[in-house]
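# Report on the structure
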Amino acid sequence: MTPSPSDPSRRLAGQVRRYSHGSRVPDWDRAADLQKAPAVIPDLATTRVSDELREAIEQYMSRYPDRRSAALPALMLAQKVHGWCSPLAIEQVAAVMRLTPGYLSSVATFYDMFETEPKGEHTVYVCTNISCALRGGDAIYEAMVEAAGDDPRMNVRTFECLGACDIAPMASVNGEYVGPLDEADCRQIVDELTSGRPVLEHKRLRDRPSAIDLPMGDGLPTAGRDISNRITASGNDVAGPKDM
Amino acid sequence: MSTLLFYDEIDKPGLASLSTYHDIGGYSMLRKALDMEPQAIIEQLLASNVRGRGGAGFAMGRKASFLPKGDMDKYLVCNADESEPGTFKDRELMQKNPHLLIEGMAIASYAIGASRAYIFIRGEYMHQADVLDAAIAEAREAGFLGDRVMGSDYSLELWVHRGAGAYICGEETALLDALEGKRGNPRLKPPFPAIEGLYQGPTLINNVETLMNVPHILRMGGEKFAEIGTSGSTGTKVVCVSGCVRRPGNYEVELGTPTRDIIYGLAGGPPEGRKIKCWFPGGSSAPVLPGTDEYMDLPFDFESIAEAGSMLGSAAIIIVDDSVPIVDVALKTAKFYRHESCGKCTPCREGTNWTVKMLERIENGQATPMDLDIMASVCDQILGNCLCVLGDAMAMPISSMIKHFREEFEEHIEMARERNGLGAAIPVMNRDERGPDRSAEYSAVGH
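Just so it is clear, the model here is predicted, and its values are computed rather than measured.

### Quick word on the overall build of chain A
Assigned secondary structure in chain A consists of 9 helices and 4 strands. Written out in order from the N terminus, the α and β elements of chain A read α-α-α-α-α-α-β-α-α-β-β-β-α. In chain A, which comprises 244 residues, the proportion classed as buried is 55%. Look at the contacts in chain A between residues 6 or more apart in sequence, and 66% of them connect residues 24 or more apart. Entry remark: accessible area of chain A is about 10700 Å², with carbon and sulfur atoms responsible for 50%.

Below, the structure is given as structure tokens:
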């Protein structure tokens, strides 16, 4: 059944930009009924949840004495399916976990890795924290934004320390750590992502030996080292804490 | 040649697989532990005097001995939410030698009587979490985890729990909240997690590297282990050197090794023609120390670094060379804590925000030297006034920067004002009469 044009969820869907990955998920733009109270646990009998998602969440729930503990992994699973923590994704998780959507929204807005609005399918976190910034992390971020251009499939954002300062400046590309990066690598990352090839295989952290076995470098950063904090209007660092 | 516990074979091919780990004697210490009384293991930990490797440096044996004895639901949680800027040791250890962590956790769980254990790993470490998942599956298959571990009466369930990107979850009570599926807000202490932690049960929380020391302690014996390093800081430490050095990376050293040997010897020192302006000895939460000889000669251990006015923290050394303005470093640091503050306690939520605003005033040429005093007092108001130490972790480095580099801050203020056409904040003729240096009054360092 198609919602009428006056249906609030229909209006919301009209405002939400569509992405290739979003369109592939059945009903991705349909189910959020914003008139429903967020404090009511959705009924699993009437909420459409794919069997794979439900079983995966239930498996996580079985690992803990309290099912609520599975909230983070469950939201992450739903985000993978829907591309972001959409109202529908949250409703599906809420129905399986028997929690309220309001509660899950509060959790999803707390953590940086949950996207609370539609984003491109290829996630690039560029570390701009102190250790990477000292070696040119801010310039890498700018180069990455430029390389991505306005491609809607790309989700480039700054991120706080990713715990890989030995390969600074670095980025996490769909979860794969690569570095040390220079500006030419940014172009290559975008090309390889959009054509579906593996990303920067020669610079992957997972294959790197421990530092003592590496030659001594000259220590000079590969990119500009201006860390004067001009980058403020990006990803997750707009006006202070994400939600207060 | 100093003792190496973790890095002598870290690049051995296949070390992450159970068969290779078993071949080099892996899980023999778990066998040995299961034949011991739990209390005897805690005695060994106490004798080893091994201190927590995550940041606070609390003795692991003492923490374990705080847990109540008896039959109840107890938990072991491994803190693998390594988010302190500059720290990346646990990442390499978990990825390359996951079974050592699993064995350490199994021994520690047996010692405290926990039947469930969780590894809380930060969500960004996807590859490392996959490695751990695979290793746990292997260990369970081989009977080192699960029902009746190695044929004994002891059973242990161990799971990896992935976080989702929040620095605050490295704080132990916030970590417990995140593990319970809530927003990661720190809890009021006491009760400490050893009494009331995960699901209100007694919980032991330790860092990855700390737990990886446990099999080594059993193998060598606590007293023998205590001979490595110094008397107050026993054992080895994986030091993460990053920033302006020629070869950033993880280096394992005995605690008490001269700092110069680590920074200049192992990591190669700053690039050609540059000098060290300052360095963070223990991640970006530690007060900075200047790069002078006096500080380079410090033995790298918990006590010496604390005496010098900083802290060993997670032993993440970040080197800042003389080409980087200190105001930029301060602003970068403060912005990180502003972003990561969970917002529960006012001093931290507001203090980090206003510190950033004041540093931006300096950068934009709107500040006067009085702003430095205000900033130092804001930092002072944060210290010790919150549920957790996230606010302190910003206040300490910022006030140490003002303390050590006040003149550079003032120069930066004047230069930025000039650039802005605002005129000097202090007339040049009065520069020498700016009054007494009040930074010591506000100094967080050395309290």
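### Considerations on the overall build of chain B
Within chain B one finds 18 helices and 11 strands. Relative to a compact globule of 447 residues, whose C-alpha radius of gyration would be 22 Å, chain B shows 23 Å and is just as compact. The C-alpha extent of chain B, read off along each of the three principal axes, is 80 × 45 × 35 Å. In chain B, buried positions account for 64% of the 447 residues. Sequence separation of 24 or more characterises 71% of the internal contacts of chain B that already satisfy a separation of 6 or more. For chain B, the computed accessible surface area is about 15800 Å², with 51% contributed by carbon and sulfur atoms. Distance from the positive charge centre (44 side chains) to the negative charge centre (62 side chains) of chain B: 3 Å.

### Some words on the pattern of salt bridges
Evaluation of the coordinates by the stated rule reveals 42 salt bridges over all chains. Ionic pairing is found between E9(B) and K12(B), a salt bridge with its closest N-O pair at 3.9 Å. According to the relative accessible area criterion, E9(B) is partly exposed, its value standing at 33%. The class of K12(B) is partly exposed, set by a relative accessible area of 32%. In this structure, the salt-bridge partner of E172(B) is K189(B), at a minimum N-O distance of 3.7 Å. Here the residue E172(B) occupies a position in helix α8 (residues 172-179), and K189(B) occupies one in the loop between α8 and β4 (203-207), the gap between them amounting to 17 residues. Salt bridges sharing partners connect three or more residues here, namely D51(A), R54(A), E55(A) and E58(A).

### A look at the domain arrangement of chain B
Residue and element names in this part refer to chain B. For chain B, the assigned domains are domain 1 (18-225), domain 2 (236-321) and domain 3 (326-444). Centre-to-centre separation of domain 1 and domain 3, based on C-alpha positions: 39 Å. When domain 1 packs against domain 3, the two sides together hide about 870 Å² of surface, and 70% of this comes from carbon and sulfur. It is Y167, I168 and P186 in domain 1 that bury the most area against domain 3; as a group they hold 53% of the surface buried on that side. On the surface where domain 1 and domain 3 come into contact, there are 0 salt bridges. Residue classes in the side of domain 1 that touches domain 3 are distributed as 6 nonpolar, 3 polar and 3 charged.

### Some thoughts on the domain arrangement of chain A
Each domain of chain A was delimited in the assignment, giving domain 1 (51-108) and domain 2 (122-213). The distance between the C-alpha centroids of domain 1 of chain A and domain 2 of chain A comes to 29 Å.

### Overview of the sheet that holds β4(B)
Residues and elements named next belong to chain B. Strand order across the open sheet formed by 4 strands is β3-β2-β1-β4, with parallel pairing between neighbours. With one partner strand each, in any of the chains shown, β3 (157-162) and β4 form the two edges of the open sheet. The average undirected angle you get between the axes of adjacent strands in this sheet is 20°. Note that strand β1 (residues 75-80) and strand β2 (residues 116-121) share 6 bridges and pair parallel. Opposite N79, over in β2, you have F120 as the bridge partner.

### Observations regarding the environment of V124(A)
Residue and element names in this part refer to chain A. The topology assignment puts V124 in strand β1 (residues 122-127). Classification of V124 as buried rests on a relative accessible area of 0%. For V124 and H202, which are 78 residues apart along the polypeptide, the C-alpha to C-alpha distance reads 18 Å. Filtering out sequence-adjacent residues up to four positions away, V124 remains in contact with M144, M154, N155, V156, R157, A171, S172, V173 and L193.

### Observations regarding the sheet that holds strand β3 (residues 171-173) of chain A
Residues and elements named next belong to chain A. With respect to topology, 4 strands assemble into an open sheet ordered β2-β1-β3-β4, the strand pairing being mixed. Each end of this open sheet is capped by a strand with a single partner; those strands are β2 (154-159) and β4 (176-178). Strand-to-strand twist of the sheet, defined as the mean angle between neighbouring strand axes without regard to direction, takes the value 25°. Note that β1 and β2 share 6 bridges and pair parallel. Bridged to V124 within β2 is V156. In the packing of helix α8 (residues 137-148) onto the sheet, the strands contacted are β1 and β2, and the crossing angle to β2 comes to about 165°.

### Observations concerning helix α9 (residues 208-220) of chain B
Residue and element names in this part refer to chain B. Compared with an ideal rise of 1.5 Å per residue, which puts 13 residues at 18 Å, α9 spans 19 Å between its outermost C-alpha atoms and is within 8% of the ideal. At V214, α9 shows its strongest bend, of approximately 25°, with the proline P215 following within four residues. Of all the residues in α9, the buried ones are V208, E209, T210, L211, M212, N213, V214, P215, H216, I217 and L218. Two to three positions downstream of the cap, the backbone nitrogen of E209 sits 2.9 Å from a side-chain oxygen, assigning the N-cap of α9 to N207.

### Focus: the packing of α8(A) against helix α9 (residues 183-194) of chain A
Residue and element names in this part refer to chain A. Running from N to C, α8 and α9 cross one another at 35°; their axes reach a closest spacing of 8 Å. Remark: the crossing between α8 and α9 carries right-handed chirality. Facing α8, whose interface residues are A139, I140, A143, M144, A147 and A148, α9 presents E183, C186, R187, I189 and V190.

So, how was this worked out
- Residues numbered from 1 in each chain as written.
- Chains lettered and ligands numbered in written order.
- Predicted model: local features only at pLDDT ≥ 70, side-chain atom pairs only at ≥ 80, totals over all residues.
- Heavy atoms only, no water.
- Helix = DSSP H or I, 4+ residues; strand = E, 2+ residues; numbered from the N terminus.
- Buried < 20%, exposed > 50% of the residue type's maximum accessible area, 1.4 Å probe, protein only.
- Contact = heavy atoms within 4.5 Å.
- Areas by Shrake-Rupley, 256 points an atom, 1.4 Å probe, with all protein chains shown as cover.
- Rg over C-alpha atoms; globule rule 2.2 N^0.38 Å.
- Lys, Arg positive; Asp, Glu negative; His and termini not counted.
- Charge placed at Lys NZ, Arg CZ, Asp CG, Glu CD.
- Salt bridge = Lys/Arg side-chain N within 4 Å of Asp/Glu carboxyl O.
- Domains from an automatic or database assignment.
- Buried area = accessible area lost by both parts, 1.4 Å probe.
- Nonpolar A, V, L, I, M, F, W, Y, C, P; charged D, E, K, R; others polar.
- Pairing = 2+ DSSP bridges.
- Axes fitted to C-alpha atoms, helices over the stretch in contact; angles between N-to-C directions.
- Expected span 1.5 Å × (residues − 1).
- Bend = angle between axes of the 7 residues up to and from the residue.
- Polar contact = N/O pair within 3.5 Å; in protein donor to acceptor, adjacent residues only side chain to side chain.
- Left-handed = near helix turned anticlockwise from the far one by under 90°.

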